[in-house]
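These are the residues of each chain, in order.
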Amino acid sequence: MNNIGELLRRRAWINGENEAIVDLTSGERLTYAALNARVNATAGMLRGLSVGKGDVVALLCMNGVEFVETYYACAKIGAVVLPLNWRLTPPELHYILSDSGSGTLVYGVEFTELVTPLRADLPPKLTQFIQIGGETADGATDYTSARNVADGAEPDILADNDDHLTYVYTSGTTGRPKGVVHSHRTAMAGILNVAATFRMEPEERHLIALPLFHVGASTPLLSHIYCGNTAILMREFNPAAMWDTFAAERVTSTLAVPAMLNFMLKVQDFEARDRSSLIGILSGASPVPVELINAYLDLGIEIHQVYGMTETFGPGCYLPGAEARNRLGAAGKGYLMTDIRLVDPDGNDVPPGTPGEILMRGAHNMVGYLNNTAATGETLVDGWLHSGDIGISDEDGYVTVHDRLKDMIISGGENVYPAEVENVLLAHEYVADVAVIGQPSADWGESPFAVVVPASDAASEAAIMSHCQGKLARFKQPKGMAFVEEIPRNPTGKPLKRLLRDKFPGST
């Protein structure tokens, strides 16, 4: 049977006394037996509120045990989980709740201000609210009280294989968010692929600091529970707390996007923190600058690069630690059960050393986009998922991810990959963060433009531009620059270049 919730029941039966979840904020530590019991009670609560198979339950809460309980409870009773990005605005949330057909919203009390406008302008099918923490108001059900009095018997498993498990909405970096549909079958394939590729041991302790509404956090969570490991939940990313938690919880692995890795290096006296239990740090979401990889290697910490998408439930490419030292900047080869191709605009395979769009094939590919057959048809073609990302493979099949296809700059007929330019700029001591976009050029069609977060008051455009000389071909060098306090990024650390292009449109 392919049911994600059933996996937890079986793991609790086999390894009931093993530690499953550590919630750093609440201090709760749940064994597999205790977690399964809590999930069953949550399932009983949802059933008591008339949530059944196929109903969509939206989750608007930060990392915590309640997220885990609700996810697995929905899986068991056949409801569909909709994790919501809590950085969105009420109108954005309204669109997603409406598009998904959500009937129930489970939310943390800290998001009351986001929820209040939704009560005033209800999405079409949203009828009930369940509040985590605080004093409930406006008819909301109190999560903890309702769970504690609910029927805690093991529920009948009501979903299997092709029944929908979750809708995960894309970040919308290129337009309206799209709901990625994953079934129990595709999710199970993703979990098995992760477990087979990483060969995770039961003693592993994985720290989750990315928000659980993102596949970069939820897939590791599900994978580690499948393997009987311990998942340690950090409510939200805190760079200093990362180092402290490595020591206090004897963390063996974590996943941190490049922006997080960068912030962690700015923590005072981080070198003095005990990190002896750490095997390595996974990093993805965007290409990891070589300078950042080297900085961690100098600390004795290997950065294991991963590449994947919401549409693949996470798996794509993986570069293990042994290869990370020899192939700096590469994303690696396909996961054990993932096929990878690089193709030109006509769909033909490109030879090593030639840029091409990355295509992925595996049982973990999404079912499709919710309510969007046109976008599904464009993305899934003959079993291959078109990523929209540009990569280059070497003779041995190792892929290096360069950029989003839509972010590529064409200057005078030459392709300019922003990540390559950003990598050079980040090596300058005056550059704390950077994003490179294209601006219209009367002479060249487009020209690179750098948006820089300075690391020093001494930073100047002239000094940073000079740094590019000899490191980048002239057509790749930025033709202009702007200094900002912060690069806008989505929750996984990807720069929101659409916003930057709107802010710095240039002139034709």
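Look up a bit, the structure's there.
Peer 1: Help me out: how do you make sense of the overall build of the chain in this one?
Peer 2: Per the secondary structure count, the chain includes 16 helices and 27 strands. In terms of C-alpha radius of gyration, the chain reaches 23 Å, essentially the compact-globule figure of 23 Å for 508 residues. Counting only C-alpha atoms, the chain reaches 70 × 50 × 45 Å along its principal axes. Counting the 508 residues in the chain, one finds 56% classified as buried. Across the chain, the fraction of contacts at a sequence separation of at least 24, relative to all contacts at a separation of at least 6, is 67%. Element-wise, carbon and sulfur atoms account for 49% of the exposed surface of the chain, whose accessible area totals about 20500 Å².

Peer 1: Help me understand the side chain of threonine 219 in this model?
Peer 2: Tracing the sequence through the fold places threonine 219 in helix 8 (residues 215-227). When neighbours within four sequence positions are excluded, threonine 219 is seen to be in contact with Val194 and Phe313.

Peer 1: Would you mind showing me how to read the nonpolar core here?
Peer 2: When a protein is soluble and globular, its nonpolar side chains tend to lie buried together. Core analysis: the biggest nonpolar cluster contains 83 residues, and Ile21 and Tyr296 have the highest contact counts within it. At nine residues, helix 3 (residues 65-77) tops the list of elements feeding residues into this core. Here tyrosine 296 is in contact with Trp243, Leu261, Met264, Leu265, Ile281, Ile301 and Ile303, once residues within four sequence places are set aside. Grouped together as the second largest cluster of nonpolar side chains are 26 residues, Leu60, Met62, Leu82 and Leu126 included.

Peer 1: In this structure, what is going on with unusual backbone geometry? I would like to understand it.
Peer 2: Even without being a glycine, phenylalanine 313 presents a positive backbone phi close to 60°. When you line up the elements, phenylalanine 313 lands in the loop between strand 14 (303-307) and strand 15 (317-318). Phi is positive for asparagine 371, close to 60°, though the residue is something other than glycine. Note that asparagine 371 resides in the loop between strand 19 (368-369) and helix 13 (373-379). Residue class for asparagine 371 comes out exposed when judged on its relative accessible area of 58%.

Peer 1: Sorry, what's going on with the pairing of strand 26 (residues 445-454) here?
Peer 2: Residues in a regular strand point their side chains to alternate faces of the sheet. Of all ten residues in strand 26, seven are buried, a share of seventy percent or more. Here ten bridges tie strand 25 (residues 431-441) to strand 26, and the two strands are oriented antiparallel to one another. Residue pairing across strands places alanine 435 opposite valine 451, the latter belonging to strand 26. Bridge count for strand 26 against strand 27 (residues 480-483) is four bridges, and the pairing is parallel. Pairing of alanine 450 across the sheet is with methionine 481, part of strand 27. For the crossover that starts at strand 26, traverses helix 15 (residues 461-468) and ends in the parallel strand 27, the hand is right-handed.

Peer 1: Got a minute to help me understand the sheet that holds strand 25 in this structure?
Peer 2: Sheet strands line up and pair through hydrogen bonds in the backbone, either parallel or antiparallel. Taken in spatial order, the three strands line up as 25-26-27 in an open sheet, and their pairing is mixed. Edge positions in the sheet fall to strand 25 and strand 27, since each of these pairs with one other strand and no more. Direction aside, neighbouring strands of the sheet carry axes that sit 25° apart on average. Helix 14 (residues 418-426) rests against strand 25 and strand 26 of the sheet, and its axis sits at about 140° to strand 25. Those strands touched by helix 15 are strand 25, strand 26 and strand 27, and its axis lies near 130° from that of strand 27.

Peer 1: Any chance you could explain the sheet that holds strand 13 (residues 280-283) here in plain terms?
Peer 2: The nine strands lie next to each other as 2-1-11-10-12-13-14-15-16, forming an open sheet whose pairing is mixed. Two strands close off the open sheet at either side, each with one partner strand: strand 2 (29-31) and strand 16 (333-334). Relative to strand 13, strand 12 (residues 253-255) runs parallel, the two being bridged by three bridges. Its bridge partner being in strand 13, threonine 254 is matched across the sheet by isoleucine 281. Strand contacts of helix 3: strand 1 (19-23), strand 2 and strand 11 (230-233), with the helix running at about 135° to strand 1, the strand carrying the most contacts.

Basis of the calculations
Residues numbered from 1 in each chain as written. Predicted model: local features only at pLDDT ≥ 70, side-chain atom pairs only at ≥ 80, totals over all residues. Heavy atoms only, no water. Helix = DSSP H or I, 4+ residues; strand = E, 2+ residues; numbered from the N terminus. Rg over C-alpha atoms; globule rule 2.2 N^0.38 Å. Buried < 20%, exposed > 50% of the residue type's maximum accessible area, 1.4 Å probe, protein only. Contact = heavy atoms within 4.5 Å. Areas by Shrake-Rupley, 256 points an atom, 1.4 Å probe, with all protein chains shown as cover. Core = buried A, V, L, I, M, F, W, Y, C linked by side-chain atoms within 4.5 Å. Pairing = 2+ DSSP bridges. Right-handed = clockwise from strand over helix to strand, strands pointing away. Axes fitted to C-alpha atoms, helices over the stretch in contact; angles between N-to-C directions.

Keep in mind these values describe shape, not function.
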